[in-house]
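Observations on the three-dimensional arrangement
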Amino acid sequence: MNSVTKWPFLILIGISVMFWYGNMVYEGSEWIRLTFLNTIQLIIGIVSTFWILRLLRSLSTSLKLFWLFLSMGTGLSFIGTLVWIINLTITKQAFEAPPLSYFLWALCYICYFIALLYRLRRASIQFANMTYFFNTMIYMIAAISISYYYLLYPLYRIEEHSLGKITYTVIFQIADLGILFFIITLFYLIQFNKKNKSLNYLIIGLFLQILGDMLFAQMMISENYQSGKVVDFVWTIALLFIGCSAYFYKDESKLTIEPRTAFFPTLKKEFLFPYLSILVLSILMMESYDWSLNALSFGWIMIFLLIIVRQGITTSKNNRLVLKLNEIAYTDMLTKLGNRAAFFKETQYAMDMSQQDFTFILLQVERVKMFNDVFGHQTGEKLIKEVSNRLKHTIDMNVKLYRFSEDEFMIVTPHKSIADILLLNESIFNVLQPTFKTSDFELNIIGHIGITHYPKQSISLEKVQQHTAEALYQAKQYGNYSFVIYNNEIESNLLRKLEMESHLKNAINNNQLSVYYQPKIDLTSGCLVGMEALLRWEHPKFGWISPAEFIPLAEETGLINEIGEWVLYTAAQHNKQLQRIGFKPLLVSVNVSALQFQNPHFCSMVGEVLAKTKLDPEWLELEITESIVQNIKESFNIMQQIKSMGIKISIDDFGTGYSSLNVLEQLPIDTLKIDKSFIDRVSYNNPSPMVKTIIELALNLELNVVAEGIETVEQKEILYRNGCMIGQGYLFSRPVDYYTFVDFLTSYAQSNVTSS
Ligand code: C2E
Ligand code: CA
Ligand code: CA
């Protein structure tokens, strides 16, 4: 026995010994004996109330009310006892409890009643089941008949008893029946679950309380009730058990998700109470007729027994069928895991029945749909099965695994610390990493994870579903095998994103978009040789939004085509206008997203823009990213077409992808643009070998090379010394709007500022 269970057990022994001792030693002096025994009851009442209050303080969620009413019940119970003790010590002869005590105890019952009502309401999802209802009703009818016949009816007939006491006894009987009804129902709902210690103690405690009341009423009728004997002992133990239900509450740290089959109890348990009560009722009925059986009543009993047997057989058959159906409805046939429906049902049940906190981990296996399309559904299914098997072997016993959707698994664990989550994620990703072999291919299994906690971050299952999905979505932005734990920031980010997404459509029409220009400078002469067009969005609510934030959004929603065309048109028109004003022609570079590039109408759209703006293609450059280049076959044709139109092509953010030299040689490009991250690292002490190599490579391939993000004179000089001819960055100018750019050009043309 561990130290947790030791205490209540010791107290139980203590109570027994004290009762025995008190009754032995103070046999002669009635008021001392009663004071002594009542004090024991008082102490137990205080201890139980203390346990419940202590639990109440540590709880944060919905079952608080239940424990509050329970503690009020035990509180009223011991105050009632206290009143009696005070009365005893004053009068030294009040051997019966005073009316005030009875009154307080009656209130105590009402509190128990309310507590149970609340608890039941919380667990009532399954109460709708008719079988439970009928069984409970049968049992209740038996209980009411018996208590009416043996307790209430005789009580009414005893006239010598004080009316008050009879009334109390009747009230207790009625309250008892109500409580009995609730605990029987609770019993059916929890199926006397071994894991749910707390509720078991509560049911036993209340049952003992009712037993005590019945004994009390019986003894009152037969006039041999004596305070401080068996009945009071039973009541004291009942109080202890009720307290224990709070005491053992914390012990339920394990996951108490019911197995799917447990929703449908086995025949034996289900029929124990109702049939037993019918049997008892029949025996008592016979007894009340002094067992004068005749052929008719004997036949009635036989038929009744036969009906029970037949009912038993059909029900057990039905139960088996229901079990099977249940299994089909709640099992994913491929992986034999619980499916989405099982997840909702079981988790909701676990949430309702216990106070536990949970951690939810949603794992998505990437590209399953693609594998299905490319290799056929069988391959996709085999892959999922493989993943499920690997997962089953990694997670431990008290963790639940569900197939949540075609490519998602939901893992439910008792609440975990960040450190434990890290470990679990690592082990999940580790088992995913080995490749999955088909007859022809070895496929990489890539996964992402979104996590949330209940009830801290997500207060309901609906929120759990939503938040794990949002975290998962976020995790995907961080690359393969990454995970994100949900936080409020994600929600506000997502809300912002959704809001932006809905406004982006109208951004062009509402004139919220504009194109800024950042000059490109010839590092030798200091002359302005070109500019990069950079998109800007002034949102009425969020202010200036960076293209780094909304371009990906535009790509996701497909708006990038429309927006990209608008940028190209605006930039070309502005450039043409500069030429018309009389400035020396400049090269304008426009960023093009990979999605635009894949659009079959891309080339014709560019052609149309040039025709409309009348800009000579010579003065237009498209900046594309390395990722486009890597998709070489398709890109090559498009690049060739663009090239043939006389437009220049530049590779943006060069060095961040992994283009091979071989690829670079083949492509019809004009410029390499060294990514800012490399320029950042350049200083006199560290003339970055990577930058040197890129410059050398570009020069060997006879390509222009542009350094972007130059912020210091030092960076500019080192780049120049290494052969980079064109620079762009805050050192020269930030991106500015068209009119500022015109001013800038004017002053540039006049002073021809150079710092070389
Ligand atoms: P990018 O093409 O690499 O553009 C360079 C980014 O670096 C710009 O940010 C620019 O303002 C910033 N920058 C330039 N010089 C410096 C410097 O010296 N220091 C620092 N810290 N930053 C500097 P911006 O304008 O926020 O654009 C971000 C990204 O958004 C661009 O990166 C580009 O990928 C994308 N983007 C911008 N406009 C468009 C567009 O019209 N179409 C498409 N598809 N993408 C665009
Ligand atoms: Ca760019
Ligand atoms: Ca760039």
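Refer to the structure above for everything that follows.
Residues numbered from 1 in each chain as written. Chains lettered and ligands numbered in written order. Predicted model: local features only at pLDDT ≥ 70, side-chain atom pairs only at ≥ 80, totals over all residues. Heavy atoms only, no water.

1. Observations concerning the coordination of the calcium ion (ligand 2)
Coordination of the calcium ion (ligand 2) by the protein comes from Glu532 (OE), Asn591 (OD1), Glu623 (OE) and Asp652 (OD), over a distance range of 2.1 to 2.3 Å. Taken in chain order, the donor set of the calcium ion (ligand 2) reads E-x58-N-x31-E-x28-D. Here the calcium ion (ligand 2) and the calcium ion (ligand 3) are spaced 4.1 Å apart, linked through aspartate 652, which binds each one. Of this pair, glutamate 532 sits in strand S9 (residues 528–539) while glutamate 623 sits in strand S12 (residues 620–625); the two residues are 91 residues apart in sequence, bridging distant segments of the chain. Looking at glutamate 532, the relative accessible area reads 4%, which means it is buried. Exposure remark for glutamate 623: the relative accessible area of 1% places this residue in the buried category. (Donors = N, O, S within 2.8 Å, 3.2 Å for Na, K, Ca; no water. Helix = DSSP H or I, 4+ residues; strand = E, 2+ residues; numbered from the N terminus. Buried < 20%, exposed > 50% of the residue type's maximum accessible area, 1.4 Å probe, protein only.)

2. What to know about the sheet that holds strand S3 (residues 408–414)
Sheet architecture is open: five strands sit in the order S2-S3-S1-S6-S7, paired in mixed fashion. Looking at the sheet topology across the chains shown, the edges are occupied by strand S2 (400–405) and strand S7 (483–485). Each neighbouring strand pair of the sheet contributes to a mean axis angle of 20°, computed without reference to strand direction. (Pairing = 2+ DSSP bridges. Axes fitted to C-alpha atoms, helices over the stretch in contact; angles between N-to-C directions.)

3. A word on the coordination of the calcium ion (ligand 3)
Within the protein, Asp652 (OD), Asp653 (OD), Glu708 (OE) and Glu708 (OE) serve as the donor atoms for the calcium ion (ligand 3), at 2.1 to 2.7 Å. Spacing between the donor residues of the calcium ion (ligand 3) along the chain follows D-D-x54-E.

4. Concerning the layout of surface pockets
Space inside the largest pocket adds up to approximately 840 Å³. If you go around the largest pocket, you meet 33 residues; those closest to its centre are Glu532, Leu534, Pro547, Asn591 and Asp652. At the level of secondary structure, the elements contributing two or more residues to the lining of the largest pocket comprise S9, helix H17 (547–557), helix H18 (560–581), helix H19 (594–598), S12 and strand S13 (648–654). A breakdown of the residues in the lining of the largest pocket according to their chemical character gives 14 nonpolar, 10 polar and nine charged. (1 Å grid on protein atoms, 1.4 Å probe; cavity = no way out; pocket = protein on both sides within 12 Å on 5 of 7 lines; lining within 4 Å. Points joined across faces, edges and corners; volume = space filled by probe spheres on them. Nonpolar A, V, L, I, M, F, W, Y, C, P; charged D, E, K, R; others polar.)

5. Some words on the site of ligand 1
Lining the immediate environment of ligand 1, one finds 22 residues, of which Gln518, Arg536, Asp652, Glu711 and Tyr730 sit closest. A distance of 3.4 Å is found between an oxygen atom of ligand 1 and a side-chain nitrogen or oxygen belonging to aspartate 653. The fraction of the free accessible surface of ligand 1 (800 Å²) that becomes covered by protein chains is 81%. The cavity where ligand 1 resides is the largest pocket. Looking at side-chain class alone, the shell around ligand 1 contains nine nonpolar, six polar and seven charged residues. (Near = heavy atom within 4 Å. Polar contact = N/O pair within 3.5 Å; in protein donor to acceptor, adjacent residues only side chain to side chain. Areas by Shrake-Rupley, 256 points an atom, 1.4 Å probe, with all protein chains shown as cover. Sits in = over half its atoms within 2 Å of the grid points.)

6. Quick notes on the pattern of salt bridges
Per the counting criterion, the structure on display carries 15 salt bridges. Residue arginine 496 pairs with glutamate 549 through a salt bridge whose shortest N-O separation is 2.8 Å. A residue pair is termed long-range when its members are at least 10 positions apart, and arginine 496 in helix H16 (residues 488–507) and glutamate 549 in helix H17 qualify at 53 residues. The partly exposed category is assigned to arginine 496, whose relative accessible area is 23%. Lysine 676 is paired through a salt bridge with aspartate 680; the nearest N and O atoms lie 3.0 Å apart. Pair noted here: lysine 676 and aspartate 680 are both in helix H24 (residues 676–680), with a separation of four residues, about one helical turn. The exposure class assigned to lysine 676 is partly exposed, which follows from its relative accessible area of 30%. A cluster of three or more residues bridged by salt bridges with shared partners is formed by Lys520, Glu532, Glu621, Glu623, Lys673 and Glu708. (Salt bridge = Lys/Arg side-chain N within 4 Å of Asp/Glu carboxyl O.)

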